[in-house]
Amino acid sequence: MTPRQSSGRRLVPAYLATGGRAQPSRNTLDRLSLLHSVGMPITSEVRPEEHRILELLQPGALSLAEVAAHLHLPVSVVKVLVADLVDAGRLHARVPIPEAEQFDRQILERVLDGLRSLKS
């Protein structure tokens, strides 16, 4: 995690966590992308911020925005870190399901009600 002063200000700028890069290697990541670890052992070649991301994901999946909140880092910085981890095969990232492809709850409830009425 990035050190902070008692005033809450960062001692080290957040962009240094990415080596100064501002753009992730892939543009498929969204702040709602669901991240989960592939279970690879964490080695010494993993940077501290990446190490923390992998630790956060060990109990289960989180969204990219949740990871950013836990790390107190901007989403844009976490996107770069996550893209590096995905490229290295240490993480899987699933893009959110577009709203147009999500199921409509009312339609599903009507179908369920219709099936129940057929059963009676």
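See the structure printed just above.
Residues numbered from 1 in each chain as written. Predicted model: local features only at pLDDT ≥ 70, side-chain atom pairs only at ≥ 80, totals over all residues. Heavy atoms only, no water.

Peer 1: Could you clarify how one ought to interpret helix α2 (residues 64–71) in this entry?
Peer 2: Think of an α-helix as 3.6 residues a turn; residues three or four steps apart then line up on the same face. All of the buried residues in α2 are Leu64, Val67, Ala68 and Leu71. One face of α2 carries all of its buried residues, which in axial projection span an arc of 100 degrees. Next to the buried residues of α2 lie β1 (34–37), α1 (48–57), β2 (62–63) and α3 (75–87). Immediately downstream of α2, the backbone of His72 shows phi near 60 degrees, a positive value. (Buried < 20%, exposed > 50% of the residue type's maximum accessible area, 1.4 Å probe, protein only. Helix = DSSP H or I, 4+ residues; strand = E, 2+ residues; numbered from the N terminus. Arc of directions from axis to C-beta. Contact = heavy atoms within 4.5 Å.)

Peer 1: Could you clarify how one ought to interpret the nonpolar core in this entry?
Peer 2: Nonpolar side chains tend to gather and get buried jointly when the protein is soluble and globular. Counting 21 residues, the largest nonpolar core has Ile53, Leu57, Val67, Leu71, Val78, Val82 and Leu91 as the members making the most contacts within it. Of all the secondary structure elements, the ones that give two or more residues to this core are α1, α2 and α3. Per-element accounting of this core gives the leading share, seven residues, to α3. The residues contacting Val67, other than those within four sequence positions of it, are Leu35, Ile53, Leu56, Leu57, Leu62 and Val78. (Core = buried A, V, L, I, M, F, W, Y, C linked by side-chain atoms within 4.5 Å.)

Peer 1: Just checking my understanding: could you explain the packing of α1 against α3 for this structure?
Peer 2: Geometrically, a packed helix pair is captured by the angle between its two axes and the distance between the axes. Across the interface, α1 lies against α3 with an axial gap of 10 Å and an inter-helix angle of 75 degrees. Compared by their axis directions, α1 and α3 come out roughly perpendicular. Between α1, through Glu49, Glu50, Ile53 and Leu54, and α3, the contact on the second element is made entirely by Leu81, Val82, Asp84 and Leu85. (Axes fitted to C-alpha atoms, helices over the stretch in contact; angles between N-to-C directions. Parallel < 35°, antiparallel > 145°, perpendicular 65-115°, else oblique.)

Peer 1: What am I meant to see in the pairing of β1 here?
Peer 2: Looking along a regular strand, one sees the side chains alternate between the two faces of the sheet. Summarising the sheet, β1 and β2 pair through two bridges and their orientation is antiparallel. Paired with Leu34 across the strands is Ser63, a residue of β2. As paired elements, β1 and strand β3 (residues 91–94) share four bridges and run antiparallel to each other. Considered in β3, the bridge of Leu35 is made with Ala93. (Pairing = 2+ DSSP bridges.)

Peer 1: Explain unusual backbone geometry here, please?
Peer 2: The phi torsion of most residues other than glycine is negative, and most of the peptide bonds are trans. In this structure, His72 takes a positive phi of about 60 degrees despite not being glycine. Relative to the assigned elements, His72 resides in the loop between α2 and α3.

Peer 1: Hey, could you run me through the pattern of salt bridges in this one?
Peer 2: Close approach of charged atoms allows side chains with opposite charge to pair. Using the criterion set out here, one finds six salt bridges in the structure. Among the salt bridges present, the one from Arg47 reaches Glu50, with a minimum N-O distance of 2.7 Å. Residue Arg47 is classed as partly exposed on the basis of its relative accessible area, which comes to 28%. Residue Glu50 is classed as buried on the basis of its relative accessible area of 8%. In this structure, the salt-bridge partner of Arg116 is Asp113, at a minimum N-O distance of 3.9 Å. Here Asp113 and Arg116 lie together in helix α4 (residues 105–119), a separation of three residues that amounts to about one turn. Looking at Arg116, the relative accessible area reads 51%, which means it is exposed. A relative accessible area of 47% places Asp113 in the partly exposed class. Among the charged side chains, a salt-bridge network with shared partners connects Arg47, Glu50 and Asp84. (Salt bridge = Lys/Arg side-chain N within 4 Å of Asp/Glu carboxyl O.)

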